[in-house]
Every structure is written in structure tokens, then in C-alpha cells.
Amino acid sequence: VEWIKAVEGESSEGTEAGPKKFKMRAYTGGPMQVGYYGAPVVIDLSGLTAKAPIPILMNHDSNRIVGHADVVSVGATTLDLAGLVSGASSESDQVTASAKLGFPWKASVGARPDKLEFVGEGVNTTVNGKKLTGPLYVARKSTLGEVSFVAMAADNKTTAKVAASAAISRKDNTMDPKFMTWLEASGFTPADLSEKQIGILQAAYDDEQTQ
């Protein structure tokens, strides 16, 4: 399970109060360590049903709503989602505020296994284009119920970022228009830069202006 891509950094429709947008790579087709199973679990993406809107939660708790995904793309080896941090909750505030401070959010899928197959020890199988060896469980058919922001994921390779909180939008008024013009002339896209990167470039710009 590898996850995500970060949010794309603007307020909805250009308004300051709009919900943050996100894109998430939720799964890359490999084994997950899930506590209540005695062996790794793999979701067969060819048998996954995933229809928008998909709730985005905190720690798989249906009472802790972060937002929703209104775009769901199931590929041969990956599961991608995009949507809004639309929850009117402390969890949505926590996700965006923590992401702005650089917290490395991870993601975790919540799927119902409709057809589960056990692959015995030493037995080979192919799932999502990967050759795997048991023991492991394969969810040949499953239904995606939600995806959660978590501090620790079933697979430590997963990541989930809210880039809208970490980047400064070109629609914001917090950046000097001359500095923005300098960034774009230098080949940078302000909305794609982290605060740390902007700080470094701001110092370079200021130094250049004093020469």
C-alpha cells in the first residue's frame, strides 16, 4: 500500500473560506498488515467496487468526518481519490492545520471483503500484477466504504498530505505580487511550493533586490 498525492492548494472557487481540495493515492496493490488477520491482506483491484462519494474519515471512525472524495479512479495497480476536506469537524481542522506544519499524514482504506481467499504458506499467486507468496489473504471481491487519515498505516509506505494547507495559493494576498512574478519567471509555480521552499526562495529574491 502506497498512498497519495497531496492536495492542490487553493480555496474553492477562489474564496478564502472554501474547503481544501485533495488528491490521494490510496492503494498501490500490495500486501497490508491488518491487525485482526493473522496474515497480510491484499485487495484485488479488479474486484473492487468503489463509487463516489466516498467518506474520508479519521482513524476509520464514522463519527469523525474529515471530508469526502467525489472522484474515485480504480486502476490496474492503484486506487486514486480526489475531493474536499468538507467535514465541519475538529478532525478536518486537525488534518489541515497539522499538514500545514508538515505532519506526515498516512492513509488507510476501509473496505468490506465480499469474497476472501486464503493463500497457503509457500503457495504463489498473482494479484494486481504482483507475484506474491502465501500465507496471505486476497480480497477477490470487495467494496470500498471509506478512506481514513491516520498517523500510522497498515503499510508504512503510505502517505497523505493536504497540500492546500502547506502551499501558498497564487490567489492568496499573502505574497508580494513582484515576488510571485519573480517566482514564475524563474520557472516556479507558487501553489506547488512548500512554505519552507518559499522561505528559501524569498531570501534569494530579497538578496537579489539588494544587489
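The residue numbers shown here count from 1 along each chain, following its written sequence. A pLDDT threshold of at least 70 governs which residues receive local features in this predicted model, and a stricter bar of 80 or more applies before side-chain atom pairs are shown or counted, although totals over entire chains, interfaces and linings include all residues. No hydrogens and no water enter the side-chain calculation; it runs on all heavy atoms of the structure.

Each helix and strand in the protein was counted, giving four helices and 10 strands. Ordered by position in the sequence, the α and β elements of the protein form the string β-β-β-β-β-β-α-β-β-β-β-α-α-α. Here the protein holds 211 residues, and 43% of them are scored as buried. For the area figures, the Shrake-Rupley method with a 1.4 Å probe applies, and any residue is considered shielded solely by the protein chains shown. About 11200 Å² of surface is accessible on the protein, with carbon and sulfur atoms providing 50% of the total. Each helix corresponds to a stretch of at least 4 residues labelled H or I by DSSP, and each strand to a stretch of at least 2 residues labelled E; elements are numbered beginning at the N terminus. Under the scheme applied here, a residue whose accessible area is under 20% of the maximum for its type counts as buried, over 50% as exposed, and between as partly exposed, the area being computed with a 1.4 Å probe on protein chains only.

Ring pairs shown here join Phe, Tyr and Trp side chains whose ring centres sit within 6.5 Å, with only the six-membered ring taken for Trp; geometry is labelled stacked below 30 degrees between planes, edge-to-face above 60, and tilted in between. Counted by the stated rule, this structure contains four aromatic pairs. Where Phe103 meets Trp105, the ring centres are 4.8 Å apart and the plane angle is 70°; that geometry is what we call edge-to-face. The buried category is assigned to Trp105, whose relative accessible area is 3%. Taken together, a centroid distance of 6.0 Å and an interplanar angle of 80° make the contact between Trp105 and Phe149 edge-to-face. Of the two residues, Trp105 sits in the loop between α1 (90-100) and β7 (106-119) while Phe149 sits in strand β10 (residues 136-150), which places them 44 residues apart along the sequence. Comparing Trp105 with Phe149, the two get one shared label, buried. One aromatic cluster in this structure is built from Tyr37, Phe118 and Tyr137.

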